[in-house]
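# Secondary and tertiary structure notes
Below are the chains, spelled out letter by letter.
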Amino acid sequence: GLQGYQAFGGDLRASGALEWPLRSALIAGGIVLATPGGGILPFSNLQMELAGAAILLPAWLLLLWASRRVAPGARGRGS
C-alpha cells in the first residue's frame, strides 16, 4: 500500500479512482495483521488474523478487478 505496487496485482495507479481507497485498505489490513492479539486487546490472535483477512481479501480482489480493466500493455509503463 505504501509503495503503490502489490504482488500479483501490479501497479495501484492502474486502478484509477480506486487507487487511494485500495492503498488505505491495504495499509490498514497490514497493520491489523501485524498487531498481536491478547494483552491489552480484547481479541485473540486468530480474531486479529481474521479481521486482517476480512480487510485485505476484498481489497486485493478489487485491485485485481480494477487492474484487469486496463489494457495489458499499459500496466507496466511508468509516466
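In short, a report on the structure. No experiment lies behind these values; they were computed from the predicted model shown.

Okay, the overall build of the protein next. Along its length, the protein carries 2 helices and 2 strands. Each of the 79 residues in the protein was classed as buried or not, and the buried ones make up 29%. For the protein, contacts bridging at least 24 residues in sequence account for 51% of all contacts bridging at least 6. A total of about 5,300 Å² of accessible surface is found on the protein, and carbon and sulfur atoms cover 68% of it.

In this section: the packing of aromatic side chains. Under the defined criterion, the tally for this structure stands at 0 aromatic pairs. The ring of W20 carries the charged tip of R23 above its face, separated from the ring centre by 4.6 Å.

On to the packing of helix α1 (residues 19–34) against helix α2 (residues 45–68). Axis angle and axis distance: for two packed helices, these are the angle between their axes and the distance between the axes, and together they describe the pair. Their axes nearest at 8 Å, the elements α1 and α2 cross at an angle of 155 degrees. What the angle tells us is that α1 and α2 run roughly antiparallel. Between α1 and α2 lies a crossing whose hand is left-handed. For the pair formed by α1 and α2, the contact residues are L22, A25, L26, G29, G30, V32 and L33 on the first element and M48, E49, A51, G52, I55, L56, A59, L62 and L63 on the second. Residue composition of the contact of α1 with α2, grouped by class: 12 nonpolar, 3 polar and 1 charged.

Quick look at the pattern of salt bridges now. Close approach of charged atoms lets side chains of opposite charge pair. Scanning all chains against the criterion turns up 1 salt bridge. R23 serves as the salt-bridge partner of E19, at 3.4 Å between the closest nitrogen and oxygen. Residue E19 and its partner R23 are located together in helix α1, separated by 4 residues, close to a single helical turn. An identical accessibility class is assigned to E19 and R23; each is buried.

In a soluble, globular protein the nonpolar side chains are often hidden away together inside. Within the largest apolar cluster, 7 residues are counted, these being L12, L22, A25, L26, L56, A59 and L63. Breaking this core down by element, the ones donating at least two residues are α1 and α2. L26 has contacts with G1, Q6, L12, L56 and A59, leaving out every residue within four places of it along the chain.

How each quantity is defined
Residues numbered from 1 in each chain as written. Predicted model: local features only at pLDDT ≥ 70, side-chain atom pairs only at ≥ 80, totals over all residues. Heavy atoms only, no water. Helix = DSSP H or I, 4+ residues; strand = E, 2+ residues; numbered from the N terminus. Buried < 20%, exposed > 50% of the residue type's maximum accessible area, 1.4 Å probe, protein only. Contact = heavy atoms within 4.5 Å. Areas by Shrake-Rupley, 256 points an atom, 1.4 Å probe, with all protein chains shown as cover. Phe/Tyr/Trp six-rings, centres within 6.5 Å; stacked < 30°, edge-to-face > 60°. Lys NZ or Arg CZ within 6 Å of the ring centre and 35° of its normal. Axes fitted to C-alpha atoms, helices over the stretch in contact; angles between N-to-C directions. Parallel < 35°, antiparallel > 145°, perpendicular 65-115°, else oblique. Left-handed = near helix turned anticlockwise from the far one by under 90°. Nonpolar A, V, L, I, M, F, W, Y, C, P; charged D, E, K, R; others polar. Salt bridge = Lys/Arg side-chain N within 4 Å of Asp/Glu carboxyl O. Core = buried A, V, L, I, M, F, W, Y, C linked by side-chain atoms within 4.5 Å.

All we've got here are geometric facts, nothing functional implied.
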